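Descriptive structure summary
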Amino acid sequence: ELASKLDHLNRQRQTIEEKTLKEAIAQIEKQGEQSAYVVSSEAWHPGVIGIVASKLVEKFYRPTAVIAIKDGVGKGSLRSITGCPIYDILSECQETLTRFGGHQMAAGLTVSQDQLEAFTKAFQQKTKPHLNNEIQTPTLKIDAPLNIQDISPTLLEELELLTPHGYGNPEPNFLFNDIFLQKSRTVGKNHLKTSLKQGALTTSAIGFGLAEDWEDHTETCAVVGLPQWNEWQGNKTVQIKIKDISKDYTQPL
């Protein structure tokens, strides 16, 4: 009964999140190209704005603030991009804010509704000096090359010792070269479920949000991902969480 209730609540949250994201994207597209984005609404639930801010940064790759307004007060969640210190930027905008806190990649704020326009202008103006072509290009740092044959229970146990991951301790990224994708299919709304074949060895893999990309990779390609344990219905198997797929990925080390 409790699991059913939790599942129902989670589905409600997903619906609210999808609606908020859709409305936020529409606001950004209406604004056009900006150094940073601020979107807001009195209809948004503050419980989902952090997730929405992260997804907007993934889509538009600009520092973004998502603000839910209630009774004239805005509660905001912000996410940034590598090389753009959002906490320092908020410090330069603090005269327009009631309060703020966080770190250089993620932060929260409280702003009076009548100061929202002033904050937006200040936030975008203070962000500009931190942006250049290099910073505005999404990058994925590769920590080391890895072959499927090198994945072992010992390696997975050692990788688990590096957790928990987050700001200041990101997940490691490994480069797998000469990979074939096999038995690929879409699971969920846009997730790629596939098998990675390298030489004579094959392992299962999951790429969240990557289902629309897999059809382009019928020949050998390179995959950036993280090997991990996958536990499902009492079974524990090796799985690679795919971060990126490319036909011409080169090793930058």
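Here we summarise the structure given alongside this text.

Criteria and cut-off values
- Residues numbered from 1 in each chain as written.
- Predicted model: local features only at pLDDT ≥ 70, side-chain atom pairs only at ≥ 80, totals over all residues.
- Heavy atoms only, no water.
- Salt bridge = Lys/Arg side-chain N within 4 Å of Asp/Glu carboxyl O.
- Helix = DSSP H or I, 4+ residues; strand = E, 2+ residues; numbered from the N terminus.
- Buried < 20%, exposed > 50% of the residue type's maximum accessible area, 1.4 Å probe, protein only.
- Pairing = 2+ DSSP bridges.
- Right-handed = clockwise from strand over helix to strand, strands pointing away.
- Expected span 1.5 Å × (residues − 1).
- Contact = heavy atoms within 4.5 Å.

Pairing of side chains with opposite charge becomes possible as their charged atoms draw close. Inspection of the entire model under this criterion finds eight salt bridges. With a closest N to O distance of 2.6 Å, Glu23 and Lys19 form a salt bridge. Placement of the pair is Glu23 and Lys19 together in helix 1 (residues 2-31), with a separation of four residues, close to one helical turn. Assessed through its relative accessible area of 28%, Glu23 is described here as partly exposed. A salt bridge links Glu171 to Lys241, with the shortest nitrogen-to-oxygen separation between them at 2.9 Å. In this pair, Glu171 is assigned in the loop between helix 5 (153-160) and strand 7 (174-187) and Lys241 in strand 11 (residues 235-246), connecting sequence segments 70 residues apart. Each of Arg13, Glu17 and Lys55 takes part in salt bridges that share partners, so that together they form one network.

Let us now look at the pairing of strand 2 (residues 64-70). Walk down a regular strand and you will see the side chains alternate between the two sheet faces. Judged by how many residues are buried, strand 2 sits mostly within the fold: six of seven residues are covered. As paired strands, strand 1 (residues 37-41) and strand 2 are joined by five bridges and run parallel to one another. Along strand 2, the bridge assignment pairs Val38 with Ala65. Crossover strand 1 to strand 2 through helix 2 (residues 49-60) is right-handed. Across seven bridges, strand 2 lies against strand 3 (residues 73-79) in antiparallel orientation. By the bridge assignment, Ala65 is partnered in strand 3 with Leu78. Between strand 2 and strand 3, which pair antiparallel in sequence order, lie two residues; one of them, Asp71, sits at a positive phi of approximately 55°.

Let us look at helix 1. Taking 1.5 Å per residue, 30 residues should reach 44 Å; helix 1 reaches 43 Å between its end C-alpha atoms and fits that length. For helix 1, the complete set of buried residues consists of Glu17, Thr20, Leu21, Ala24, Ile25 and Ile28. At its buried positions, helix 1 is contacted by strand 1 and helix 2. At the C-terminal side of helix 1, Gly32 shows a positive phi close to 80°.

The next subject is unusual backbone geometry. Here the residue pair Thr163 and Pro164 is connected by a cis peptide bond, since its omega of 0° sits within 30 degrees of zero. With respect to the secondary-structure elements, Pro164 resides in the loop between helix 5 and strand 7. Look at Tyr61: it is not a glycine, yet its phi comes out positive at around 50°. Looking at the element boundaries, Tyr61 is found in the loop between helix 2 and strand 2. For Tyr61, a relative accessible area of 15% translates into the label buried. The backbone phi angle of Asp178 is positive, close to 55°, even though this residue is not glycine. Within the secondary structure layout, Asp178 lies in strand 7. With a relative accessible area of 56%, Asp178 lands in the exposed category.

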